[in-house]
Amino acid sequence: MAVELKWGSYTWIPVLGMSGAIGTAILLLSWHWMGPHWHEHWYVPLLGYYVVLSICQDHFFEPEWGPSLKGLSRQWVSISGAVLLYHVNGFIMNGIVGIPGSLLMPGHFIFIVLGFFFFGWDDIFFNGALTKWIPIDALKAFFWYGVIWVLWYVLFAMPGGLSSALTDFHATRYFWFLASFQWVIMMELMTAINWKDFIDEIDFPNDYVRGGSLMAFALVAGFSIATFCHFIVATVVPMTPMSPTPAQQWHHVLYMGTYPLIPIIIFGLYTNHLNSIADVKKRVGARTGALMSMVVVQYLIFRFIIAPSHIFGDHPWYHHFDLVFNFTISIIALTHHWFSKRWGFIEITDD
């Protein structure tokens, strides 16, 4: 048996239409109906935890069934789990660690970004070698949850650390790390979806060397791209009458790091992914070039068409609605692949 996209490489069109329509409706309800305060203090962090738990489910609690709407139950697990995790983590941050209430939201966001990366880190980079000593997948999830807490404390809370939230919070360093690490996460996603063909042909001595090499590349590439984006933001993009602070500039670089999400997921999972190119190096190179073009086009469309329409309210250019827009629409398509195995968009053949 084989799996084929129902409309070949045009399958991305109905998928983008579905994800775009559902995602836009959710965002309009959140911003206009529930209100900006609810949106910023509830929807955004809950969206982040929803994504974290969806990644966790995919790597440690993967469903056994094939294309089926039974996977919608997994959506409920991620949604309800996000609410629970938001409250549990908030209690730990404030009630146990002692993070002041004004810094709880930044604390949530750095935990979320670390969750994006580390719940898939072992599988994607090391082929699961780092936790092969743990016999139960559920325990692996709890292990990485603990690792994330340790890193969260070092990077966010620890006095004298990167952000030093418990003493003198350093907003610029905080957003520098958040923005740069978001681009590292994009390298991880590219590794999992777009570069996998090429990476699988490399003869690594073992999975530890494989993971270390891929991790080093992701860090160097991610931080380098973030630095380049910051250069553009700080020197090339026209400033508004009230120029953004250095922290706000890095905040925008974080937002820029969400633009690859929709192209990577839609192009990688709902097209033939340029598989007609026989040579793997040329195929992966063509994919990368196509994705870079899509990212630039999408950024320009949002910046000069969607944002000026004020459909999601009026925001300064360096703090638009683009982060939640990109995450909401892309995660609908991605979780449909993870939980429902692209039901409705594929056909099972006898070949």
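Only a predicted model underlies this, so the values are computations on that prediction, with no experimental measurement involved.

Cut-offs and rules
Residues numbered from 1 in each chain as written. Predicted model: local features only at pLDDT ≥ 70, side-chain atom pairs only at ≥ 80, totals over all residues. Heavy atoms only, no water. Helix = DSSP H or I, 4+ residues; strand = E, 2+ residues; numbered from the N terminus. Rg over C-alpha atoms; globule rule 2.2 N^0.38 Å. Buried < 20%, exposed > 50% of the residue type's maximum accessible area, 1.4 Å probe, protein only. Contact = heavy atoms within 4.5 Å. Areas by Shrake-Rupley, 256 points an atom, 1.4 Å probe, with all protein chains shown as cover. Lys, Arg positive; Asp, Glu negative; His and termini not counted. Charge placed at Lys NZ, Arg CZ, Asp CG, Glu CD. Core = buried A, V, L, I, M, F, W, Y, C linked by side-chain atoms within 4.5 Å. Phe/Tyr/Trp six-rings, centres within 6.5 Å; stacked < 30°, edge-to-face > 60°. 1 Å grid on protein atoms, 1.4 Å probe; cavity = no way out; pocket = protein on both sides within 12 Å on 5 of 7 lines; lining within 4 Å. Points joined across faces, edges and corners; volume = space filled by probe spheres on them. Nonpolar A, V, L, I, M, F, W, Y, C, P; charged D, E, K, R; others polar. Expected span 1.5 Å × (residues − 1). Salt bridge = Lys/Arg side-chain N within 4 Å of Asp/Glu carboxyl O.

Details of the overall build of the chain
Here is step 1 of the chain: Across its full length, the chain holds 12 helices and 2 strands.
Here is step 2 of the chain: In terms of C-alpha radius of gyration, the chain reaches 20 Å, essentially the compact-globule figure of 20 Å for 351 residues.
Here is step 3 of the chain: Referenced to the eigenvectors of the C-alpha coordinate spread, the extents of the chain come out at roughly 60 × 50 × 40 Å.
Here is step 4 of the chain: Considering the chain as a whole, with its 351 residues, one finds that 53% of them fall into the buried category.
Here is step 5 of the chain: Sequence separation of at least 24 residues holds for 76% of the intrachain contacts in the chain that already meet a minimum separation of 6.
Here is step 6 of the chain: Per element, the accessible surface of the chain, about 16,200 Å² overall, is 69% carbon and sulfur.
Here is step 7 of the chain: Of the charged side chains in the chain, 15 are positive and 21 negative; the average position of the first set lies 2 Å away from that of the second.

Thoughts on the nonpolar core
Here is step 1 of the chain: Ranked by internal contacts, the top residues of the largest apolar core, which has 108 residues, are Ile99, Phe117, Phe119, Phe125, Trp152, Phe156 and Phe181.
Here is step 2 of the chain: It is helix α4 (residues 104-126) that contributes the most residues to this core, 15 residues altogether.

Quick notes on the packing of aromatic side chains
Here is step 1 of the chain: All told, the structure shown has 36 aromatic pairs when counted by the stated rule.
Here is step 2 of the chain: Summarising the aromatic geometry, the rings of Tyr270 and Phe345 are spaced 6.0 Å apart at their centres and angled 85 degrees between planes, so their arrangement reads as edge-to-face. Residue Tyr270 is found in the loop between α10 (261-269) and α11 (280-306), and its partner Phe345 is found in the loop between α12 (322-340) and β2 (346-349); the two are separated by 75 residues along the sequence.
Here is step 3 of the chain: Using a relative accessible area of 0% as the deciding quantity, one classes Tyr270 as buried.
Here is step 4 of the chain: Taken together through their ring pairs, the aromatic side chains of Trp42, Tyr49, Tyr86, Phe111, Tyr145, Trp149, Trp152, Phe156, Phe169, Tyr174 and Phe175 make up a single cluster.

Notes on unusual backbone geometry
Here is step 1 of the chain: With a phi angle near 55 degrees, Ser164 is a residue other than glycine that sits in the positive phi range.
Here is step 2 of the chain: Along the polypeptide, Ser164 turns up in the loop between α5 (137-157) and α6 (171-193).
Here is step 3 of the chain: Residue Ser164 is classed as buried on the basis of its relative accessible area of 3%.
Here is step 4 of the chain: In this structure, Lys341 is a non-glycine residue whose phi angle is positive, near 55 degrees.

Side note on the environment of Leu189
Here is step 1 of the chain: Here Leu189 lies in helix α6.
Here is step 2 of the chain: Taking the C-alpha atoms as reference points, Leu189 and Gly66, separated by 123 residues in sequence, lie 23 Å from one another.
Here is step 3 of the chain: With sequence-adjacent residues up to four places away left out, Leu189 is seen in contact with Asn194, Leu261, Ile264 and Ile265.

What to know about empty space enclosed by the protein
Here is step 1 of the chain: According to the stated counting rule, one finds 1 cavity of 30 Å³ or more in the structure shown.
Here is step 2 of the chain: In this structure, the largest cavity spans a volume of roughly 40 Å³.
Here is step 3 of the chain: Surrounding the largest cavity, Phe302, Ile306, Ala307, His310, Ile311, Phe312, Gly313, His315, His320 and Phe321 form its lining.
Here is step 4 of the chain: A breakdown of the residues in the lining of the largest cavity according to their chemical character gives 6 nonpolar, 4 polar and no charged.

Some points on α4
Here is step 1 of the chain: A rise of 1.5 Å per residue sets the reference length of α4, with its 23 residues, at 33 Å; its end C-alpha atoms lie 32 Å apart and thus fit the reference within 8%.
Here is step 2 of the chain: Among the 23 residues of α4, 21 are classified as buried, and the element is accordingly described as predominantly covered.
Here is step 3 of the chain: Positive backbone phi, at 55 degrees, marks Asn127, one or two positions downstream of α4.

Focus on the layout of surface pockets
Here is step 1 of the chain: By volume, the largest pocket is sized at about 1,000 Å³.
Here is step 2 of the chain: Every residue lining the largest pocket is counted, 45 residues in all, and those nearest its centre are Ala192, Ile193, Leu269, His337 and Trp338.
Here is step 3 of the chain: Listing elements by their share of the lining of the largest pocket, those giving two or more residues are β1 (2-5), α2 (36-60), α4, α6, α7 (196-200), α10 and α12.
Here is step 4 of the chain: In terms of residue class, the lining of the largest pocket is made up of 20 nonpolar, 13 polar and 12 charged.
Here is step 5 of the chain: Of the pockets and cavities examined, the second largest pocket occupies roughly 660 Å³.
Here is step 6 of the chain: Elements with a minimum of two residues in the lining of the second largest pocket: α2, α4, α6, α9 (246-256) and α12.
Here is step 7 of the chain: Its residues placed into classes, the lining of the second largest pocket shows 19 nonpolar, 8 polar and 1 charged.

Quick look at the pattern of salt bridges
Here is step 1 of the chain: This model, assessed by the stated rule, comprises 5 salt bridges.
Here is step 2 of the chain: We note a salt bridge from Asp197 to Arg287, for which the minimum N-O separation is 3.0 Å. With Asp197 in helix α7 and Arg287 in helix α11, the pair connects residues that are 90 residues apart, well separated along the chain.
Here is step 3 of the chain: Classification of Asp197 as partly exposed rests on a relative accessible area of 24%.
Here is step 4 of the chain: As a salt-bridge pair, Asp200 and Arg210 come within 3.9 Å of each other at their nearest N and O atoms. One end of the pair, Asp200, is in helix α7; the other, Arg210, is in helix α8 (residues 207-236), with 10 residues separating them in the sequence.
Here is step 5 of the chain: The exposure class of Arg210 is buried, given its relative accessible area of 8%.
Here is step 6 of the chain: Residues participating in the shared-partner salt-bridge network are Lys196, Asp200 and Arg210.

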